[in-house]
Amino acid sequence: MKQQFILGLFFLLILSGCDSLTGDSSELGISSDVSSLISSEGAELVVDIEAQGDWMVQSDKIWCTPVPSEGSGNQSIKLLVGANINPNEREAAITVSGNGSMQTIRLMQEAVSPDAEEYHYEIPVIFHVLYDDETNENQYVREGWLSQVLDICNQRYSNEYFSGISGKQGTDINLEFVMAETDPNGVRLDEPGVDRRYWRNATIDCDEFTSEDNPDAAALVWDLNRYINIYVYTFTDKNVLGITHIAYTGSANPLEGLPESDYFYTHSSVDYPRGVSINNSAIYDLSGNGHFLSSDIGVTLSHELGHYLGLFHVFSSSDSSDSDASQTDYCDDTPDYDRSAYMLWLNSVEKNPLMTMENVIQRVSVSGASFQSRNIMDYYWTLADEFTLDQRARMRHVLENSPLIPGPKYEPRLTRSASSEQEPPIITMKLLRDGKVERNVISSSER
Ligand SMILES: [Zn+2]
């Protein structure tokens, strides 16, 4: 939880056309108690700036964000101080400058208590809804709907989804996605979590959209260290339900399979629309009452967010042309199966009217064991209601360490490569639509 209080700090910046960058300190006034320790839980501090002309505020730490970071004249700004999950106190320097004068505020934040329980992440999400026809309900998604979809996602991440179905295992990630309340400048959103944008020709090639060749799309991105950005539009390719950039990791705390770079510890902007893209053609598709849709939006979004947080598909394939298959997902507790063998079997039985959901979620692992597919990082048919402990560990590692992922981080142990100017490669993962789109459970004994 974040505390909100007003720091008794009055920062008086009198700008006088002074040429010196540091200015004359006698012209700047700051009240006293900036040295008081800020709680490890984080805080929102209010700073009053009195100035003539334009000013700019910069923080030297990613966990302390000035909002807004620039302005003009007398104005209050907020310093958003994230939770500290580190065992050490930490310090940030916030610099206010304008018209040749500069003043620095130093903040200290207490360490997390040694017996603190694991941090409960609440990650703000912003859906960028792209439309060229406001009367098209798939494009101009109904108000309130995306919040419901996110709730369904949260049920999966807290392991409450399908909790009544026999054999339920899975684990709670201790992570909650929340609809963003404010925009990057701190302005309250009329419609939390939703940014509606007119887009000329809103049927879009998702590969082009997510690439670096699209400055218009890159301009949509909200601060990646504060929001997960989700772009909702009509994909040119109807068979693709979603596409996502996968998480980065730092060189001092790497995670198998993820692109490794320290670049984003010192650079926070990207020139492509990083995040999750969702095909709005299936935006209202939802399973329920024993009736399953392979294009279920709750599954699609949960699955894509899993990629964004560092997970790979749980299956491999003996068909080398199957680009969706992973050689490994770096998790020992997700049984691997041959996706192409499963698809061959599925094609042979799909016309059988007696085949139920219980039948088609059966898999045979590469070691010969039968199991039910319930993993969110599988493809259809699956109940898609579980993450495993190893998957949890990967996502927690990303949440706690990876740049461009919102929420408190362990302090990066920077290495020499931290000053690297080399931007790491951009890797995306896709979710494809299965040929069959609906299936019923005949047996009700497990519902
Ligand atoms: Zn996928």
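None of these values were measured; they are calculated from a predicted model.

1. Thoughts on the overall build of the protein
- For the protein, the helix and strand inventory stands at eight helices and 22 strands.
- Expressed as a percentage of its 447 residues, the buried residues of the protein come to 39%.

2. Let's talk about helix H1 (residues 145–157)
- With 13 residues, H1 extends 19 Å between its outermost C-alpha atoms, agreeing within 8% with the 18 Å of an ideal straight helix rising 1.5 Å per residue.
- Check the buried side of H1 and you find it contacts strand E11 (121–131), strand E12 (175–179), strand E13 (194–198) and helix H5 (297–308).

3. Quick notes on helix H8 (residues 389–401)
- Given a rise of 1.5 Å per residue, 13 residues ought to cover 18 Å, and the 18 Å separating the end C-alpha atoms of H8 matches this to within 8%.
- Taken as a whole, H8 has its buried residues at Gln391, Arg392, Arg394, Met395, His397, Val398, Leu399 and Asn401.
- Next to the buried residues of H8 lie E11 and E12.

4. Considerations on the pairing of strand E17 (residues 276–279)
- Here E17 shows no split at all, with Val276 and Ile278 on one side and Ser277 and Asn279 on the other all buried.
- Sheet topology note: the strand E15 (residues 228–235)/E17 ladder contains four bridges and is parallel. Within E17, the residue paired with Val232 across the bridge is Ile278.
- Bridge count for strand E16 (residues 240–245) against E17 is three bridges, and the pairing is antiparallel. Bridge pairing in E17 links Ile243 to Ser277.

5. Describing the sheet that holds strand E5 (residues 54–59)
- The four strands are arranged E7-E5-E9-E10 in an open sheet whose pairing can be described as antiparallel. On the outer flanks of this sheet lie strand E7 (70–72) and strand E10 (101–109), each paired with one strand and no other. In this sheet, neighbouring strand axes are inclined to one another by 20° on average, regardless of whether the strands run parallel or antiparallel.
- Here three bridges tie E5 to E7, and the two strands are oriented antiparallel to one another. Across the sheet, residue Asp54 finds its bridge partner in E7, namely Ser72.

6. Some remarks on the environment of Glu160
- As for its placement among the helices and strands, Glu160 is situated in the loop between H1 and E12.
- Taking the number of C-beta atoms within 10 Å as the measure of exposure, Glu160 has 14 and is therefore partly exposed.
- Taking the C-alpha atoms as reference points, Glu160 and Asp172, separated by twelve residues in sequence, lie 8.1 Å from one another.

7. A closer look at unusual backbone geometry
- Across the junction of Val67 and Pro68, the peptide omega takes the value -5°, indicating a cis bond.
- Within the secondary structure layout, Pro68 lies in the loop between strand E6 (64–67) and E7.
- Of note, the amide linkage connecting Tyr380 to Trp381 takes the cis form, showing an omega dihedral of 0°.
- Although it is not a glycine, Leu404 adopts a positive phi angle of roughly 65°.

8. Brief notes about the packing of H1 against H5
- Viewed as axis vectors pointing N to C, H1 and H5 meet at an angle of 60°, and their least axial separation amounts to 9 Å. Here H1 is positioned oblique relative to H5, judged by the angle of their axes. Seen from above, H1 lies across H5 with right-handed handedness. Where H1 abuts H5, its residues Val149, Ile152, Cys153 and Arg156 lie against Ile297, Gly298, Leu301, Ser302 and Leu305.
- Residues belonging to the contact of H1 with H5 are distributed by class as follows: six nonpolar, two polar and one charged.

9. Quick look at the nonpolar core
- Within the largest apolar cluster, 75 residues are counted, with the highest numbers of intra-cluster contacts made by Val125, Phe127, Ile230, Val232, Ala247 and Leu309.
- Looking at which element gives the most residues to this core, the answer is E11, with seven residues.
- Sequence-distant contacts of Leu309, that is, excluding residues within four places in its chain, are made with Ala247, Met395, Val398 and Leu399.
- In this structure, Ile49, Val57, Trp63 and Leu107 belong to the second largest nonpolar core, which totals 17 residues.

10. What about the pairing of E15?
- Most of E15 is tucked away: eight of the eight residues are buried.
- With five bridges connecting them, E11 and E15 associate as parallel partners. Within the sheet, the bridge partner assigned to His128 lies in E15 and is Tyr231.
- In the sheet, strand E14 (residues 203–204) pairs with E15 via two bridges, with the strands oriented parallel. From the neighbouring strand, Thr203 faces E15, where its bridge partner is Thr234.

11. Some remarks on the confidence of the model for the protein
- Across the protein, pLDDT averages 85, with 87% of residues at or above 70.
- Counted against residues more than four places away or in other chains, residues 1–33, with its pLDDT under 50, gives 69 contacts.
- When the criterion is pLDDT under 50, residues 441–447 qualifies, and its contacts beyond four places in sequence or with other chains add up to 13 contacts.

12. Considering the environment of Ile297
- By the element assignment, Ile297 lies in helix H5.
- As for Ile297 and Cys153, which are separated by 144 residues in sequence, their C-alpha atoms are 9.2 Å apart.
- Ignoring sequence-local partners within four residues, the contact set of Ile297 consists of Val149, Ala282, Ile283, Asp285 and Leu286.

Calculation rules
Residues numbered from 1 in each chain as written. Predicted model: local features only at pLDDT ≥ 70, side-chain atom pairs only at ≥ 80, totals over all residues. Helix = DSSP H or I, 4+ residues; strand = E, 2+ residues; numbered from the N terminus. Buried ≥ 20, exposed ≤ 12 C-beta atoms within 10 Å, placed from the backbone. Expected span 1.5 Å × (residues − 1). Contact = placed C-beta atoms within 7 Å. Pairing = 2+ DSSP bridges. Axes fitted to C-alpha atoms, helices over the stretch in contact; angles between N-to-C directions. Parallel < 35°, antiparallel > 145°, perpendicular 65-115°, else oblique. Left-handed = near helix turned anticlockwise from the far one by under 90°. Nonpolar A, V, L, I, M, F, W, Y, C, P; charged D, E, K, R; others polar. Core = buried A, V, L, I, M, F, W, Y, C linked by C-beta atoms within 7 Å. pLDDT = per-residue confidence, 0-100.

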